[in-house]
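Observations on the model geometry
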Amino acid sequence: MENVIEIKKLSKKYEDFALKDISLSIPNGSIVGLIGENGAGKSTLIKALLGIINADYDELKLFDKEYLQSEKEIKQDIAVIFDETHFNQEFTPRFIGKILANIYPNWQNDIYEKMLEQFNLPAKKKLKKFSRGMKMKLEFAIALSHDAKLLILDEATSGLDPIVRDDILNMIRDFTIDEDHSVLISSHITSDLDKIADYIAYIHQGRLLFNKSYEELHEDYGIINGTKEILETLNDGDIVGYIKEPYSYKILVKNVQDLKRVYCDLEISRPTIEEIMLFYAKGVK
């Protein structure tokens, strides 16, 4: 199995928004960051992928299985974490474990109890007394206790303090040490993705603008702070976009290694994921 997820021409139309012809492949064993501004379609894509909403598509496969033909089997191998827990706030972690043992045939309660202890989560304390960070750690304890092969996170780290976010990023790294484990993480905290992502997929206004390896983005793209004259000397094919500032131009370019050979003295800095997203969304081409 080369790809854990295969999507071809997926579309979903609402009255005021449309997800348009999304084709996306996610390699097995990778961490893929799904980025885009609020309302771009990230959550819509995830919900369509999980069958929460109906969508049109030419192909939708997970684990090399057609979704409609193998939905139940596929969902046994997926763990999903949204931006808030959907369990009753009166439940305790231990009670939730008993519920899930009847849902997942591969539920491993010994691992779950160990995770609760590792994350310092009181097994008999009601969720309404948990902080947001504790609730997110509980979601991870659940996700890692039924032998899921694909972990999907939809803004699961938003609103968390940096310490808890760092703990969660470490959990994601540990999860993918096993090359049969993959992660799709939607987040607007792009600095988190700079730390862990193997690939970045960028959705803008319902369309997938690119799906590139982090290495390609890191090595092939650069930012030039220069004058209008420098902008005019660059080939159009090398310019992704530029933003005019009060006294200069910020230019996002690609083919950086070739440009460095031509413009030996030109300083080209490496962009963050956030900067790349900004240029694609707001830069002039």
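Here we summarise the structure given alongside this text. All figures in this text were calculated on a predicted structure; none of them were measured in a lab.

1. A look at the overall build of the protein chain
- Across its full length, the protein chain holds 11 helices and 13 strands.
- Reported as C-alpha extents along the three principal axes, the dimensions of the protein chain are approximately 65 × 40 × 35 Å.
- Counting all 285 residues of the protein chain, 49% fall into the buried class.
- Partitioning the intrachain contacts of the protein chain with sequence separation of at least 6 by distance along the chain shows that 69% fall at a separation of at least 24.
- Counting every atom, the protein chain has about 14,700 Å² of accessible surface; 46% of that belongs to carbon and sulfur.
- For the protein chain, the separation between the mean place of its 37 positive charges and that of its 48 negative charges on side chains is 6 Å.

2. Concerning the nonpolar core
- Ranked by internal contacts, the top residues of the largest apolar core, which has 52 residues, are F140, L151, L153, I172 and I200.
- In contact with L151, not counting residues within four places along its chain, are A79, I81, F140, A143, F175, S182, V183 and L184.

3. Here's the deal with the pattern of salt bridges
- Applying the stated criterion across every chain, the model contains 14 salt bridges.
- The partner of K137 in a salt bridge is D167, and the shortest N-O contact between them spans 3.4 Å. Taken together, the residues span a long stretch of sequence, with K137 in helix α5 (residues 132-143) and D167 in helix α6 (residues 162-175) at a distance of 30 residues.
- For D167, a relative accessible area of 29% translates into the label partly exposed.
- A salt bridge links K212 to E216, with the nearest nitrogen and oxygen atoms 3.5 Å apart.
- The network of salt bridges with shared partners includes E90, K126 and K128.

4. Things to note about the side chain of D154
- Structurally, D154 is set in strand β7 (residues 150-154).
- Notably, D154 is buried but unbridged: the nearest opposite-charge side chain belongs to K47, and the N-O separation is 6.2 Å.

Parameters at a glance
- Residues numbered from 1 in each chain as written.
- Predicted model: local features only at pLDDT ≥ 70, side-chain atom pairs only at ≥ 80, totals over all residues.
- Heavy atoms only, no water.
- Helix = DSSP H or I, 4+ residues; strand = E, 2+ residues; numbered from the N terminus.
- Buried < 20%, exposed > 50% of the residue type's maximum accessible area, 1.4 Å probe, protein only.
- Contact = heavy atoms within 4.5 Å.
- Areas by Shrake-Rupley, 256 points an atom, 1.4 Å probe, with all protein chains shown as cover.
- Lys, Arg positive; Asp, Glu negative; His and termini not counted.
- Charge placed at Lys NZ, Arg CZ, Asp CG, Glu CD.
- Core = buried A, V, L, I, M, F, W, Y, C linked by side-chain atoms within 4.5 Å.
- Salt bridge = Lys/Arg side-chain N within 4 Å of Asp/Glu carboxyl O.

None of this, on its own, says anything about what the molecule does.
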